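# Residue-level structural notes
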Amino acid sequence: MNVRSLTPLCIAIALAGCAGAPPARTISGERMQLSQVRLEPETARSMINRYRASRGLPPLTMERKLTRAAEHHSSDLARVDKISHTGSDGSNPWNRVKRTGYRPILAAENVGAGQRSFAEVLQGWKESPSHNKNLLLADATQMGIALRKNPDSHYQTFWTLVLGKPAQKVR
């Protein structure tokens, strides 16, 4: 199967997470103040990899270009105060990943809004069939993740996880 025939499949996989944002709910205790909400990318990667390992899947590595795609989308969502896989410029996850210079054969995206910790957003993704499918993509090898906050917005927190697999370089 060549890369061109994979493109529609990869876009379909990326958009599978569009079924809706996971519910904004607190896992335990009081609601964390917005100023306390943080993202530790390596901790998030470790949590995702533990989950993948429990399902017999290989770990993901961090990839700066996928992180840039995630940061761009989270910033856009925070600015327009909505949860969507479509950017304010009409872009989709595949477009945003390619804009960074990443050459994907697979790209998928999970988004969340309103959650006050990575544990909370990850739990929501696990409970959402389409988001969970992305977390457990067997062919994904890399990830990027971002959080942006906008205290003047309805959701206040905007999370984006981008998973990918790069195309092999032609020699």
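What counts and how
- Residues numbered from 1 in each chain as written.
- Predicted model: local features only at pLDDT ≥ 70, side-chain atom pairs only at ≥ 80, totals over all residues.
- Heavy atoms only, no water.
- Helix = DSSP H or I, 4+ residues; strand = E, 2+ residues; numbered from the N terminus.
- Buried < 20%, exposed > 50% of the residue type's maximum accessible area, 1.4 Å probe, protein only.
- Pairing = 2+ DSSP bridges.
- Salt bridge = Lys/Arg side-chain N within 4 Å of Asp/Glu carboxyl O.
- Contact = heavy atoms within 4.5 Å.
- Expected span 1.5 Å × (residues − 1).
- Polar contact = N/O pair within 3.5 Å; in protein donor to acceptor, adjacent residues only side chain to side chain.

Position of A138 among the secondary structure elements: in the loop between α6 (129-135) and β3 (142-149). For the pair A138 and P59, spaced 79 residues apart in sequence, the C-alpha to C-alpha distance is 9.6 Å.

A few words on unusual backbone geometry. Positive phi, close to 55 degrees, is recorded for D81, a residue that is not glycine. Even without being glycine, Q156 reaches a positive phi, approximately 75 degrees. Position of Q156 relative to the elements: it lies in the loop between β3 and β4 (157-166).

Moving on, we come to the pairing of strand β2 (residues 104-113). Most of β2 sits inside the fold, with 10 of its 10 residues counted as buried. As judged from the nine bridges shared by β2 and β4, these two strands associate in the antiparallel manner. Its bridge partner being in β4, E109 is matched across the sheet by V162.

A few words now on the pattern of salt bridges. Per the counting criterion, the structure on display carries four salt bridges. Its salt-bridge partner being R99, residue D89 comes within 2.8 Å of it at the nearest N-O pair. Residue D89 is located in the loop between α3 (64-80) and α4 (93-99), and its partner R99 is located in helix α4; the two are separated by 10 residues in the primary sequence. By relative accessible area, D89 is classed as partly exposed at 46%. As a salt-bridge pair, R96 and E109 come within 2.9 Å of each other at their nearest N and O atoms. Residue R96 is found in helix α4, and its partner E109 is found in strand β2; the two are separated by 13 residues along the sequence.

Structurally, H73 is set in helix α3. Owing to a relative accessible area of 0%, H73 belongs among the buried residues under this scheme. Each C-alpha atom, one on H73 and one on H85, is 8.4 Å from the other, the two residues being 12 residues apart in sequence. Discounting chain neighbours no more than four positions away, the residues touching H73 are S84, H85, T86, G87, R96, E109, V111 and T160.

Next up on the list: the sheet that holds strand β1 (residues 61-62). Strand order in the open sheet formed by four strands is β1-β3-β4-β2, and the pairing between neighbours is mixed. Where the open sheet ends on each side, the last strands, each with one partner, are β1 and β2.

This part takes up the environment of V111. Mapped onto the fold, V111 is located in strand β2. Taking the C-alpha atoms as reference, V111 lies 8.7 Å from V162; in sequence the two are 51 residues apart.

Before going further, it helps to examine α3. Counted at 1.5 Å a residue, the expected span for α3 with its 17 residues is 24 Å, and the 24 Å between its end C-alpha atoms agrees. Three or more residues of α3 are buried, namely L66, T67, A69, A70, H73, S74, D76, L77 and A78. Those residues of α3 that are buried lie in contact with β1, α4, β2, β3 and β4. N-cap assignment for α3: the residue whose side-chain oxygen lies 2.5 Å from the backbone N of K65 is E63. At the C-terminal side of α3, D81 shows a positive phi close to 55 degrees.

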